[in-house]
Amino acid sequence: GVEALLLKRPPLSLTSTIETVAGDSSIAYAWAYCAAMEALSGCTVSAQTEQVRGVALELERVAMHLATLNGLATDIAFLQGGATYGRLRTAVINASMRACGSRFGRGWLRPGGVRSLLTEELRQDLLTTLAAFAKDFTQMNALMLASTSVQARFKGVGVVTAEDAKALGLLGLVARASGVAIDSRMSLPGALYQTHPMPRLVEASGDCWARMLLRMREIDASVQWLTQVLSQPLLQQPADALLAPTQTLQADALCVSLREGFRGEVVQVVETDHAGQVLHYKLQDPSLLNWFGLAYCLRNNEISDFPICNKSFDLSYCGSDL
């Protein structure tokens, strides 16, 4: 019922609802919402705000990919991986908490700007956390990938070919793990990702192994991106003024906004009426399409393969039941 709730409050006061639609994608949802409201308000945010939002989004991507790796390791009783990935995820979400007061980044982004900028102290804190994280993460990945039991459980299981991924309209990591190079950080980069581009990562085998391996590679890419951005002197300028709840929106307009969350494209569509009030608000989590991929990959697999196929997709239930 969340879409109905969004029509009952002022459109510029919806962040607290938007960022809990799918709680593990709080930043992706909040950024897409903020971008939509800013576009409909004729507001342009500074490069400093974009920088903070990008750091928040990539921290979210690292943390949630780690949660999936933790689940995958636990599902096959590779307990060293389960314990270590869980510990590393805690380090990342605690860094987000030190930056904004919430482990999931809630309250960090608001239409018109952000509620907390990255100070020099926070920049150094994040760099120190990421450096320690990268060392342990590399060691754990090497153990996971070298394990013959892990290989036996994941390789050739839950396969979705590139042709089938395209036919099903899959998005995000699960599409890229099947060789479909779709990532809105490249196709619609905006100023931030144009200045600091991300590599285009794909795997070809389309199985549980590919989805696991690609999560490891995407974490590495995000950590390198974060380190690059945070290693440069932070943009220091007055914080953008947050948009007032009474700000008027463009009338008779249709706005489509999206951000590449850790699962794929989080899409939000807002339509306003002749008075600039929100007439319709539609949300789409990438899970909505990717559930069909999970159902497809289960064909001709053993019942015992269901948990690892399910976790390798790691989709959102709440994000598909709006």
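Residue numbers run consecutively from 1 along every chain, following the written order of its sequence. Selection of residues for local features in this predicted model requires a pLDDT of at least 70, selection of side-chain atom pairs for listing and counting requires 80 or more, and totals for whole chains, interfaces and linings are taken over all residues. Side-chain descriptors were evaluated using all non-hydrogen atoms of the structure, hydrogens and water having been removed beforehand.

### A closer look at the nonpolar core
Thinking step 1. We call a set of buried residues a nonpolar core when its members are Ala, Val, Leu, Ile, Met, Phe, Trp, Tyr or Cys and they connect through side-chain atoms within 4.5 Å of each other. For the exposure calls, accessible area comes from a 1.4 Å probe over protein chains only, and a residue counts as buried if that area is under 20% of its type's maximum, exposed if over 50%, partly exposed in between. Counting residues in hydrophobic clusters, the biggest one holds 97 residues, and the most contacted among them are Trp 108, Phe 154 and Tyr 281.
Thinking step 2. With 14 residues, the top contributor of residues to this core is helix H12 (residues 208-231).
Thinking step 3. Contact definition: two residues touch when any of their heavy atoms are within 4.5 Å. Setting aside its immediate chain neighbours within four residues, Trp 108 contacts Ile 27, Val 52, Ala 56, Ala 99, Cys 100, Val 114, Arg 115, Ser 116 and Leu 118. Secondary structure counts use DSSP, requiring at least four H or I residues in a row for a helix and at least two E residues in a row for a strand, with both numbered from the N terminus.

### Quick notes on empty space enclosed by the protein
In this approach a probe as big as a water molecule rolls over the atoms, and the regions it shows empty are the leftover space.
Thinking step 1. Grid points spaced at 1 Å and placed over the protein atoms alone form the basis of the search, with a cavity being a set where a 1.4 Å probe fits but cannot get out and a pocket an open set showing protein on both sides within 12 Å along at least five of seven lines. Lining residues have an atom within 4 Å of a point. Grid points are joined across faces, edges and corners, and a volume is the space filled by probe spheres set on the points. Summed over all chains, the structure comprises two cavities of 30 Å³ or more.
Thinking step 2. Considered as a void within the structure, the largest cavity measures approximately 80 Å³ in volume.
Thinking step 3. Looking at the largest cavity, it is lined by 14 residues, and the ones nearest its centre are Glu 60, Ser 96, Arg 103, Phe 104 and Gly 105.
Thinking step 4. For the lining of the largest cavity, the element with the highest residue contribution is helix H4 (residues 47-75), accounting for five residues.
Thinking step 5. Residue classes follow a fixed rule: Ala, Val, Leu, Ile, Met, Phe, Trp, Tyr, Cys and Pro count as nonpolar, while Asp, Glu, Lys and Arg count as charged, and any other residue, Gly among them, counts as polar. Counted by class, the lining of the largest cavity contains eight nonpolar, three polar and three charged residues.
Thinking step 6. The volume enclosed by the second largest cavity comes to roughly 50 Å³.
Thinking step 7. Around the second largest cavity sit Arg 61, Arg 176, Asp 183, Arg 185, Met 186, Met 198, Pro 199, Arg 200, Leu 201, Glu 218, Ala 221 and Ser 222, which together line it.
Thinking step 8. Mapped by element, the contributors of at least two residues to the lining of the second largest cavity are helix H10 (184-187) and H12.
Thinking step 9. Among the elements that make up the lining of the second largest cavity, the one with the highest residue count is H12 (three residues).
Thinking step 10. When its residues are assigned to classes, the lining of the second largest cavity shows five nonpolar, one polar and six charged.

### What about the sheet that holds strand S4 (residues 265-272)?
Thinking step 1. For two strands to pair, DSSP has to find at least two bridges joining them. In spatial order, the strands read S3-S4-S5; together these three strands make up an open sheet with antiparallel pairing. A single partner strand is all that each edge strand has here, and the edge strands are strand S3 (254-260) and strand S5 (278-284). Neighbour to neighbour, the strand axes of the sheet diverge by 10° on average, direction disregarded.
Thinking step 2. Across seven bridges, the pairing between S3 and S4 is antiparallel. Following the sheet pairing, Leu 254 is matched in S4 by Glu 271.
Thinking step 3. Inter-axis angles, ranging from 0 to 180 degrees, are taken between N-to-C directions of lines fitted to C-alpha atoms, where helices are fitted over the stretch in contact. Against the sheet, helix H3 (residues 26-41) contacts S3, S4 and S5, and its axis sits at roughly 150° relative to S3.

### Here we look at the side chain of Arg 263
Thinking step 1. Positionally, Arg 263 belongs in the loop between S3 and S4.
Thinking step 2. For Arg 263, a relative accessible area of 7% gives the class buried.
Thinking step 3. Whenever two N or O atoms come within 3.5 Å, that pair is a polar contact, provided that in protein one can donate a hydrogen and the other can accept it, and provided that, for residues adjacent in sequence, both atoms are side-chain atoms. Only 2.7 Å separates the side chain of Arg 263 from the side chain of Asp 24, close enough to count as a polar contact.
Thinking step 4. Among the polar contacts made by the side chain of Arg 263, one reaches the main-chain carbonyl oxygen of Asp 314 at a distance of 2.7 Å.
Thinking step 5. In this structure Arg 263 touches Asp 24, Ser 25, Leu 171, Gly 172, Leu 173, Asp 285, Pro 286, Ser 287, Asn 290, Asp 314, Leu 315 and Ser 316, once residues within four positions along its chain are discounted.

### Topic: helix H5 (residues 79-100)
Think of an α-helix as turning once every 3.6 residues; residues three or four places apart then point the same way.
Thinking step 1. Every helix has an expected span of 1.5 Å times one less than the residues it contains. Here H5 contains 22 residues, and its C-alpha end-to-end distance of 32 Å stays within 8% of the 32 Å for a straight helix at 1.5 Å per residue.
Thinking step 2. Gly 101 sits one or two positions beyond H5 and adopts a positive phi of about 95°.

### Structural notes on the packing of helix H6 (residues 120-146) against H12
Thinking step 1. Where H6 meets H12, the axes come as close as 10 Å, and the angle between the chain directions of the two elements is 155°. In terms of orientation, H6 lies roughly antiparallel with respect to H12. The hand of the H6/H12 crossing is left-handed. Of the residues in H12, those in contact with Arg 123, Leu 126, Leu 127, Leu 130, Phe 133, Ala 134, Phe 137, Asn 141, Met 144 and Leu 145 of H6 are Trp 209, Met 212, Leu 213, Met 216, Ile 219, Asp 220, Val 223, Leu 226, Thr 227, Leu 230 and Ser 231.
Thinking step 2. Here the contact of H6 with H12 is built from residues that sort into 16 nonpolar, three polar and two charged. For classification, angles of less than 35 degrees are called roughly parallel, those exceeding 145 degrees roughly antiparallel, those between 65 and 115 degrees roughly perpendicular, and all remaining angles oblique. Left-handed describes a crossing whose near helix is turned anticlockwise from the far helix by less than a right angle; the clockwise case is right-handed.

The values reported here are purely geometric and, on their own, carry no functional implication.
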